[in-house]
Amino acid sequence: MNGARALWATLASHGISTVFGYPGGAIMPVYDALTFYPEVRHVLTRHEQGAAHAAEGWAKATGELGVCMATSGPGATNLVTGLADAMLDSVPLLAITGNVASHLMGTDAFQEADITGITLPITKHNYVVRDVAELPRVVAEAIRIARSGRPGPVLVDIPKDIQLAAYHGEIPAPQARPEAPAPSSEAIARARELLRGARKPVLMVGGGSLDAAAEITALARAWDMPVITTLMGLGTFPASDPLWLGMPGMHGSVAANRAISEADVLLGIGLRFDDRVTGRVSGFAPQAAIIHVDLDAAEIGKIVRTHVPVRGDAALAARALAQEAQPPPRAEWHAQLRDWQARTETPAHWGAGYAVKAVVERLHPDDLLSSDVGQHQMLAAQLARFEKPRRWINSGGLGTMGFGLPAAIGAGMAEPGVRSVVIAGDGGFQMTAQELATLKMYDIRNVKICIINNSYLGMVRQWQELFHEKRYSEVWLGDSNPDFLKLADAYDVPGYRARTAEELPGAIAAWLADPKSALLEVVVPHEHGVFPMVPAGAALSEMIETEPARPGAPTPEASEA
Amino acid sequence: MTPEQSIPDHLLSILVRDEPRVLTRITALFGRRGYNIKSLSVGTTEHPGVSRMTIVVSGDRGVVEQAIRQLEKLHDVVKIIDHSLEKYVDRELVLVKVAINPDTRVEVRQIAEDFRSRIVDVGRHALTFEVTGDEGKITAFVEQLRPFGILETMRTGRIALTRGSNADIPGHVYHSGETQALHPTLPAEPREERAREVPNMF
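Below is a summary of the structure that appears in this document. Predicted, not measured: the structure shown is a model, and the values here were computed from it. (Residues numbered from 1 in each chain as written. Chains lettered and ligands numbered in written order. Predicted model: local features only at pLDDT ≥ 70, side-chain atom pairs only at ≥ 80, totals over all residues. Heavy atoms only, no water.)

## Some thoughts on the overall build of chain B
- Counting its regular elements, chain B contains six helices and nine strands.
- Each of the 202 residues in chain B was classed as buried or not, and the buried ones make up 44%.
- Here the contacts in chain B between residues at least 6 apart in sequence split such that 74% fall between residues at least 24 apart.
- If you sum the accessible surface of chain B, you get close to 10800 Å²; carbon and sulfur atoms cover 51% of it. (Helix = DSSP H or I, 4+ residues; strand = E, 2+ residues; numbered from the N terminus. Buried < 20%, exposed > 50% of the residue type's maximum accessible area, 1.4 Å probe, protein only. Contact = heavy atoms within 4.5 Å. Areas by Shrake-Rupley, 256 points an atom, 1.4 Å probe, with all protein chains shown as cover.)

Here is the structure:
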């Protein structure tokens, strides 16, 4: 057995069933050895970035490890965006890269890049395997690190000669996941004390709570507390529950942002108080005592002052906090919340929001919904109603354009029986549009692509409109966009199009009913914003609730002409 | 008091796996997160495969706590000792080359003697001294010599050890017998223990 076969044997012994990747010179022994391991499926994407995002989509949908693979140099550097994305969103990801032979490393050899140096700040850990005897152990350890504690990406770089060297050792069996740390009883007692006295409490949950949805729901109901789910935490609490206030932050709901600004106790579980959530930190929850539960001690007190730090697993903490719940009567608070909830405007007029709402309304609770990055992403996050966790596949921390399509493919391959819908913009879609070939090659039938086409880089345009006096610098795509239906057709992907509110329901129905993966282009008016919005640097209480009037702006009809 | 002086220094000892790039990993973390390293010394330890760094970081308590927590997450970090929470000894070594002439030679040597400094090199126009001691002593020595004309100095940066026997220190590297520091399944206890010791947080 050589190192390359030992690699596949180790991956197989850890239950890795699917690897997304792209071959090249320095990883050829691994691809050669792949032919001897039919139990592992390799998915050939059309770009290494697609492989990384597909692995992320897999991991985000299942909570299990995603694996991607690339050759040295340009192959490896093409993984960088995906690794950074996985780092910021705490996604368990294993990246395997080939490298030039050991004796060439450091000589600027053909296709050599110092990928461990490059990825050092954007991986949880990384390795160069310098001895074939170490290879399976290193891979097993990398898998353990990626999955344990706060998950994250780990990269293992394997020089070509190590792939070819003879390996005589054992293949390591997977190790049990370390037990989740339980929060201290003192911290839980102090948190309960605060909740007992709280007249206006809110519970805010993030991506670290995704696997604690049942406990979070029980906790909220036990204490009769409203729940805010961050962009990463959407689905942790059922949207149909009257206690749900929506998403906080820059494009958060009126109810969520007002509740944070008025709360006297804020219980945050598994979230890291990103600046897109807090707005100006000094204006965030100004009256609240903050209880912060997190697995990662470094997150507690990093951004906001914390009155009761609770280090531990989200599910264990939520379960402990729910015990001995004694919620005081809070009729006034609930009345106030209902008033704010009523201020949620649904997009009534034809535009991007209208189109996104029409699509997400047709989703089943089991459906996966991915998004790319931009206005359509925020609209989807605002308008979709998630009842379950791990149905929302999205690039939160890094905000990676081009994420949507490959991630939806990865998520869709993880759950072939489930519809994997992706909402993208015309800009982001073109960053990884070549992954349509992956759909064709593997005859994937459950991926439904919706492009909200406003012919602009819409979010940048919105900021230019609001903060740069409408100087629309380099955001117009309309003259150069492809005919998206022809593009889809080139890859044998059926396409549908809607240009008006009247055409939309029929187009959506045909698109979803198509037995194959299909593309729907919705052509919407050029200028349309996402609101509510908290301008960067402002406090949540300084939110712009509704879209400002546009004096002199062309009407949708005129701009269509 | 200048703003620079108002920022306190914190002395950290960081025990790390002796792996390639570990120094880069540590310094990159400090660099990326904007923590200011004032001095850094690295050397081997009594345990093969474990290196020890003494880092002086300036910043308020919150900055240092955050730096420690971020360091704890690095896979290569075995143990962190925050010396502000323990009794410790620290030393720094400095080489000072000072200009001399026939009129000043005796006076310079007298000052060096007062500081228990050793002469390590004698030239016609310069003497080079070696001094070890805490930061205050070294600074005082350098200031005493400054009027004579300092030609070159090199300070090693501070190094520190906790006072008392190793048995007083919780953690894995000081366990009797073979070190577990390089064991692939190194348990996370010492890191959690450290976290609990940080006041007002856990």
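Picking up after the structure, the text goes on.
## Looking at unusual backbone geometry
All names here are of chain A.
- Cis peptide bonds are those with omega within 30 degrees of zero, and the linkage from Phe-531 to Pro-532 qualifies with 5°.
- Here Pro-532 lies in the loop between strand 18 (518–523) and helix 23 (556–560).
- Despite not being glycine, Ser-90 has its phi angle at roughly 55°, a positive value.
- Positioned with a positive phi, Asp-492 is a non-glycine residue whose angle comes to about 65°.
- Summarising the element assignment, Asp-492 is placed in the loop between helix 21 (484–490) and strand 17 (495–498).

## Some details on empty space enclosed by the protein
Residues and elements named next belong to chain A.
- Following the criterion strictly, the structure yields four cavities of 30 Å³ or more and no others.
- Quantified by volume, the second largest cavity comes out at close to 70 Å³.
- Lining the second largest cavity are His-14, Ala-140, Ile-143, Arg-144, Arg-147, Ser-148, Gln-175, Ala-176, Arg-177 and Pro-178.
- Split by residue class, the lining of the second largest cavity holds four nonpolar, three polar and three charged. (1 Å grid on protein atoms, 1.4 Å probe; cavity = no way out; pocket = protein on both sides within 12 Å on 5 of 7 lines; lining within 4 Å. Points joined across faces, edges and corners; volume = space filled by probe spheres on them. Nonpolar A, V, L, I, M, F, W, Y, C, P; charged D, E, K, R; others polar.)

## Remarks on the nonpolar core
Residue and element names in this part refer to chain A.
- Of all hydrophobic cores here, the largest spans 66 residues; its most connected members are Leu-203 and Leu-267.
- A per-element tally of this core places helix 13 (residues 314–322) first, with seven residues.
- In terms of nonpolar packing, the next biggest core, distinct from the first, is built from 41 residues, Ala-54, Ala-76, Ala-433 and Phe-484 among them. (Core = buried A, V, L, I, M, F, W, Y, C linked by side-chain atoms within 4.5 Å.)

## Let's talk about the side chain of Asp90(B)
Residues and elements named next belong to chain B.
- Assignment of secondary structure puts Asp-90 in strand 5 (residues 88–99).
- Under the relative-accessibility criterion, Asp-90 is labelled buried at 11%.
- A polar contact is formed between the side chain of Asp-90 and the side chain of Arg-158, at a distance of 2.9 Å.
- In this structure Asp-90 touches Leu-11, Gly-133, Asp-134, Arg-158, Ile-159 and Ala-160, once residues within four positions along its chain are discounted. (Polar contact = N/O pair within 3.5 Å; in protein donor to acceptor, adjacent residues only side chain to side chain.)

## Details of the pattern of salt bridges
- In total, this model carries 40 salt bridges over all chains according to the counting rule given.
- When the shortest N-O distance is used, the salt bridge between Arg177(A) and Glu64(A) registers 3.5 Å. Separated by 113 residues along the polypeptide, Arg177(A) in the loop between helix 8 (160–164) and helix 9 (185–197) and Glu64(A) in the loop between helix 3 (48–62) and strand 3 (66–70) bring together distant segments of the chain.
- With a closest N to O distance of 3.2 Å, Glu299(A) and Lys302(A) form a salt bridge.
- Linked through salt bridges whose partners overlap, the residues forming this network are Arg150(A), Asp296(A), Glu299(A), Lys302(A) and Lys73(B). (Salt bridge = Lys/Arg side-chain N within 4 Å of Asp/Glu carboxyl O.)

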